[in-house]
Amino acid sequence: MNIHEYQAKQLLAKSGVNVPSGEPCTTVDQARGIAEKVFGEGRQMVVVKAQIHAGGRGKGTFKDGFQGGVHLCKSVDDTVAKAQAMLGNVLVTKQTGPEGKQVNTLLIASAETIVDEFYLAILLDRVSGRPLVMASTEGGVDIEEVAEKTPEKIIKELVDPALGLMPYQARKIASGLGLTGKLLNKGAKLLMGLYKTWWDNDANMVEINPLCIVETADGGQDIAAVDAKIGLDDNALYRHKDIAEMRDLNEEAPLEVEASEHGLNYIKLDGNIACLVNGAGLAMATMDIIKHYGGDPANFLDVGGGATTEQVTAAFKIILSDPNVKAILVNIFGGIMDCNVIAEGIVEAVKQTGLKLPLVVRLEGNNVEAGKKTLAASGLALQSGDSMADAAEKVVKTVA
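Residues numbered from 1 in each chain as written. Predicted model: local features only at pLDDT ≥ 70, side-chain atom pairs only at ≥ 80, totals over all residues. Heavy atoms only, no water.

Asks: Run through empty space enclosed by the protein, naming residues and quoting values.
Replies: Counted by the stated rule, this structure contains one cavity of 30 Å³ or more. Roughly 30 Å³ of volume is contained in the largest cavity. Lining the largest cavity, in full, are Leu120, Ala174, Leu177, Leu179, Gly187, Leu190, Leu191, Leu211 and Ile223. Considering every element that reaches the lining of the largest cavity, the biggest residue donor is helix α6 (residues 181-200), with three residues. Among the residues making up the lining of the largest cavity, the classes are represented as eight nonpolar, one polar and no charged. (1 Å grid on protein atoms, 1.4 Å probe; cavity = no way out; pocket = protein on both sides within 12 Å on 5 of 7 lines; lining within 4 Å. Points joined across faces, edges and corners; volume = space filled by probe spheres on them. Helix = DSSP H or I, 4+ residues; strand = E, 2+ residues; numbered from the N terminus. Nonpolar A, V, L, I, M, F, W, Y, C, P; charged D, E, K, R; others polar.)

If you want it as structure tokens, here you go:
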């Protein structure tokens, strides 16, 4: 699950990470009140940031032509004007696609005087199975660009999960960023807070880009997380009801939201052959083999290892909500899953939806003979696949 920047900063602040003062707002009046508060604290400038689940906001364009989802403002009136232009408007960035995302929330925060920028992130290294801290002196740009052009500028430090991030490791990373003196200690402390955020909240990734050296009111320097992005492990949300409540359904595709309500994993794609599969690995292989035979998958849909008849019926309804779907491939390998449960679900789904599209079904594994008998006795107009390859080839031919 992804959360907004302002929510990420709230979690970071709880772990002692220094973040600029600011608050979210959903109305222009709220924006005015927050701006008055920030300017009243003696700040010379505020930043107004669109809160959507996509990067590239600063360089984005609203559909009415207004430029940029991030703006610096020198007065309350300027802040209000920017809020009026952004709230309720659709912002298009390099990550949203041409359809863009509607901006329903803004973050109004103090605009820091930035001296230098860094990149900092904590994620799970899949190779070692350990937390990985990544840092770079090249802040404010995409880390993928740094990895491609100047990989030597990326610092990597693996963490023993049994011990957590050790103070000497935090100091080592801070030193690698060129921090010295008081800033070295502040940077190490921030790193410890960042790791605590990642660990305590079961995050997949915590990314600070940019992490900045900023000027303080007394002329000194501090280090702060000026921007923040956190991705959370859905499977651990039962331990974090407060975080689960941060979910913004407006930022997710409606069909994906509906699927999650039925315990299904669904992602819409651009093709016209729908897939209903049990198991993420088999789902990926199914999409691959559809492509191999010249077709285009319309979705990733994993019903899991213990789907019920009701879930299968719900899956069919979600599939048929996509007008691009021209055929359906059901590919089930029953380990835990009972093939007959899938068969009963298919029969019920076809009855409820009045399915007219071509349907190809491949069943294999647990209780497969009973499943095939259920389908044969139903009288449904479907094709059976003797293998995954046979099923994929047949379904592709139906839309050719």
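Asks: Tell me about the sheet that holds strand β1 (residues 22-25), and please be specific about residues and values.
Replies: Ordered in space as β1-β7-β2-β4, the four strands form an open sheet in which the pairing is antiparallel. The open sheet has two edge strands, β1 and β4 (70-73), and neither has a second partner. Mean inter-strand twist for the sheet, computed between neighbouring axes without regard to direction, equals 20°. In this sheet, strand β7 (residues 106-110) lies alongside strand β2 (residues 46-50) in antiparallel orientation, the contact comprising five bridges. Note on β7: the bridge partner recorded for Ala50 is Leu106. Sheet strands touched by helix α2 (residues 28-40): β1, β2, β4 and β7. Its angle to β1, the strand with the most contacts, is close to 175°. (Pairing = 2+ DSSP bridges. Axes fitted to C-alpha atoms, helices over the stretch in contact; angles between N-to-C directions. Contact = heavy atoms within 4.5 Å.)

Asks: Lay out the sheet that holds strand β5 (residues 90-92) with the relevant residues and their values.
Replies: With antiparallel pairing, the three strands of this open sheet are ordered in space as β3-β5-β6. Two strands lie at the open edges of the sheet, namely β3 (61-62) and β6 (101-102), each paired on one side alone.

Asks: I'd love a proper account of the layout of surface pockets, names of residues and values included.
Replies: Taken as a whole, the second largest pocket encloses approximately 230 Å³ of empty space. Looking at the lining of the second largest pocket, the elements with two or more residues in it are α6 and β11 (203-215). Its residues placed into classes, the lining of the second largest pocket shows four nonpolar, one polar and three charged.

Asks: Outline the packing of aromatic side chains, supporting the account with residue identities and numerical values.
Replies: Tallying each qualifying case throughout the model produces four aromatic pairs. Relative to Phe66, the ring of Phe62 lies with its centre 5.8 Å away and its plane at 45°, an arrangement referred to as tilted. Phe62 sits in the buried class, given a relative accessible area of 2%. Classification of Phe66 by relative accessible area gives partly exposed; the value is 24%. Seen in terms of ring centroids, Tyr195 and Trp199 are 6.3 Å apart; in terms of plane orientation they differ by 15°. Their pairing is stacked. Here Tyr195 and its partner Trp199 are both found in helix α6, four residues apart, which amounts to about one turn of the helix. Assessed through its relative accessible area of 6%, Tyr195 is described here as buried. Judged by its relative accessible area of 43%, Trp199 falls in the partly exposed class. (Phe/Tyr/Trp six-rings, centres within 6.5 Å; stacked < 30°, edge-to-face > 60°. Buried < 20%, exposed > 50% of the residue type's maximum accessible area, 1.4 Å probe, protein only.)

Asks: Before we move on, could you go through the nonpolar core and cite the residues and values that matter?
Replies: The biggest cluster of nonpolar side chains holds 39 residues, and the ones touching the most others in it are Leu120 and Ile208. Examining the composition of this core, we find that seven residues originate from one element, α6, more than from any other. The contact partners of Ile208, leaving out residues within four places of it in the chain, are Leu12, Phe118, Tyr119, Leu120, Leu194, Ala225, Asp227 and Ala228. Counting 34 residues, the second-largest nonpolar core is a separate cluster that includes Ile318, Val325, Val347 and Leu375. (Core = buried A, V, L, I, M, F, W, Y, C linked by side-chain atoms within 4.5 Å.)

Asks: Account for the packing of α2 against helix α3 (residues 76-86), naming residues and giving values.
Replies: Close contact between α2 and α3 brings their axes to 9 Å; oriented N to C, the two are set at 150°. Taken together, α2 and α3 sit at an angle that is classed as roughly antiparallel. Once α2 is placed against α3, the crossing between them reads as right-handed. Between α2, through Val28, Ala31, Arg32, Ala35, Glu36 and Phe39, and α3, the contact on the second element is made entirely by Val76, Asp77, Thr79, Val80, Ala83 and Gln84. Residue composition of the contact of α2 with α3, grouped by class: seven nonpolar, two polar and three charged. (Parallel < 35°, antiparallel > 145°, perpendicular 65-115°, else oblique. Left-handed = near helix turned anticlockwise from the far one by under 90°.)

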